[in-house]
Amino acid sequence: QVQLVESGGGLVQAGGSLRLSCAASGRSFSSYGMGWFRQAPGKEREFVATMNGGGGNLRYANSVQGRFTISRDNSKNTVYLQMSNLKPEDTAVYYCAAHTLGSYSPTEQRWYNYWGQGTQVTVYL
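What you see as residue numbers is a count from 1 along each chain, following the sequence as written. Given that this is a predicted model, residues contribute local features only at a pLDDT of at least 70 and side-chain atom pairs are listed and counted only at 80 or more, while totals for whole chains, interfaces and linings are drawn from all residues. The basis for every side-chain value is the complete set of non-hydrogen atoms in the structure, without hydrogens or water.

A. Geometry of the nonpolar core. Trp36, Leu81, Met83 and Tyr94 are the most contacted members of the largest nonpolar core, which has 34 residues in total. Where helices and strands are cited, they refer to DSSP runs of H or I of at least four residues and of E of at least two residues respectively, numbered from the N terminus. Those elements giving two or more residues to this core turn out to be β1 (2–7), β3 (18–26), β4 (33–39), β5 (46–51), β7 (68–73), β8 (78–83), β9 (92–99) and β11 (119–124). With 5 residues, β9 is the largest single contributor of residues to this core. By nonpolar core we mean a set of buried residues, namely Ala, Val, Leu, Ile, Met, Phe, Trp, Tyr and Cys, connected to one another through side-chain atoms within 4.5 Å. Whether a residue is buried, partly exposed or exposed follows from its accessible area with a 1.4 Å probe, protein chains only, as a fraction of its type maximum: under 20%, in between, or over 50%, in that order.

See the structure below:
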């Protein structure tokens, strides 16, 4: 089992950058694929980015492709989401999540077994 804690959210002006972190506790972090999802007010939670346990098979939502980068440091049990050129529509609670599907990188939430509590990102004009 793994526990996930996000950090790094905050208030940022449009065009700015933020880096979210997700620290994992538990064993065998590298065996978990990791993803980021977000939920804006009044909307359903949606996929943002994902990668497998080895750091490969990266996938991004079309809305963040080219602006966001997912990465991980298995020596620190941490996954990151670097967000650049932020837009007001990126405002949401961001969640990290973990799955046990090996080399796959699913975009559907149902494949993720563990979730963090979320961190708020607010982008203003």
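B. Structural view of the sheet that holds β3. An order of β1-β3-β8-β7 is seen for the 4 strands of this open sheet, with the pairing classed as antiparallel. Two strands bound the open sheet, and with one partner strand each, they are β1 and β7. Each adjacent strand pair in this sheet contributes to an overall mean axis angle of 15°, direction not counted. Any two strands are treated as partners once DSSP identifies two or more bridges connecting them. Taken together, the 6 bridges between β7 and β8 define a ladder with antiparallel strand orientation. The residue of β8 that forms the bridge with Arg72 is Val79. Whenever a helix is involved, its axis is fitted only over the stretch in contact; in every case the axis is a line through C-alpha atoms, and angles between N-to-C directions fall within 0 to 180 degrees.

C. Region of the structure containing the pattern of salt bridges. Each salt bridge in this description consists of a side-chain nitrogen of Lys or Arg and a carboxyl oxygen of Asp or Glu lying within 4 Å of one another. Enumeration over the complete set of coordinates arrives at 3 salt bridges. The closest approach of N and O atoms between Arg38 and Glu46, which form a salt bridge, is 2.7 Å. Residue class for Glu46 comes out partly exposed when judged on its relative accessible area of 36%. Note that Arg38 is salt-bridged to Asp90, the shortest N-O span being 2.9 Å. With Arg38 in strand β4 and Asp90 in the loop between β8 and β9, the pair connects residues that are 52 residues apart, well separated along the chain. Across the pair, exposure class does not vary: Arg38 and Asp90 are buried alike. Members of the salt-bridge network, linked through shared partners, are Arg38, Glu46, Arg67 and Asp90.

By themselves, these figures tell us nothing about what the structure is for.
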